[in-house]
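Notes for the structure review
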Amino acid sequence: MKYVLMFVETEQYRKDWEAKDQSERDAAFEAVGRWFAEHGQKITHSTQLQPAHAATTLRLGGPGEPVMTDGPFVEGKEVVSGYVEAELADLDEALRMARSWPACPVVEIRPAS
């Protein structure tokens, strides 16, 4: 079954990341690289998204014409910063994979069709 793991940054995570020195950032990147190497055979696609301020949102379904705005489509303190798509046996395997993610503090898991 295909699952998408979405990596979600919080405002606090972003502040903590920006406060890290280069050696701490390098260690974090190495941990993420190891995670991808460990799970690489099951990952079918992945990407890191541009920051939320680069988003454009189109709101459909209201009266009149659709409304387009700059920025993310949700109001909040958490933004999806990247994702992987993986072929996994079941939700339990997706949870095991997500639990070992070494970066953003939130991982949302969704089955994909």
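Everything discussed here concerns the structure shown above.
Being a predicted model, the structure only gives us computed values, none of them experimental.

What counts, and where the lines are drawn
Residues numbered from 1 in each chain as written. Predicted model: local features only at pLDDT ≥ 70, side-chain atom pairs only at ≥ 80, totals over all residues. Heavy atoms only, no water. Helix = DSSP H or I, 4+ residues; strand = E, 2+ residues; numbered from the N terminus. Buried < 20%, exposed > 50% of the residue type's maximum accessible area, 1.4 Å probe, protein only. Contact = heavy atoms within 4.5 Å. Areas by Shrake-Rupley, 256 points an atom, 1.4 Å probe, with all protein chains shown as cover. Lys, Arg positive; Asp, Glu negative; His and termini not counted. Charge placed at Lys NZ, Arg CZ, Asp CG, Glu CD.

Examining the overall build of the protein chain
- Looking only at helices and strands, the protein chain features three helices and six strands.
- Counting helices and strands in the order they occur from the N terminus, the protein chain gives β-α-α-β-β-β-β-α-β.
- Its C-alpha atoms give the protein chain principal-axis dimensions of roughly 50 × 40 × 20 Å.
- Within the protein chain, the proportion of its 113 residues that are buried is 25%.
- Restricting to contacts in the protein chain with at least 6 residues of sequence separation, those with at least 24 account for 74%.
- About 7,900 Å² of surface is accessible on the protein chain, with carbon and sulfur atoms providing 52% of the total.
- Placing the 12 positive and 19 negative side-chain charges of the protein chain at their respective mean positions leaves the two points 2 Å apart.

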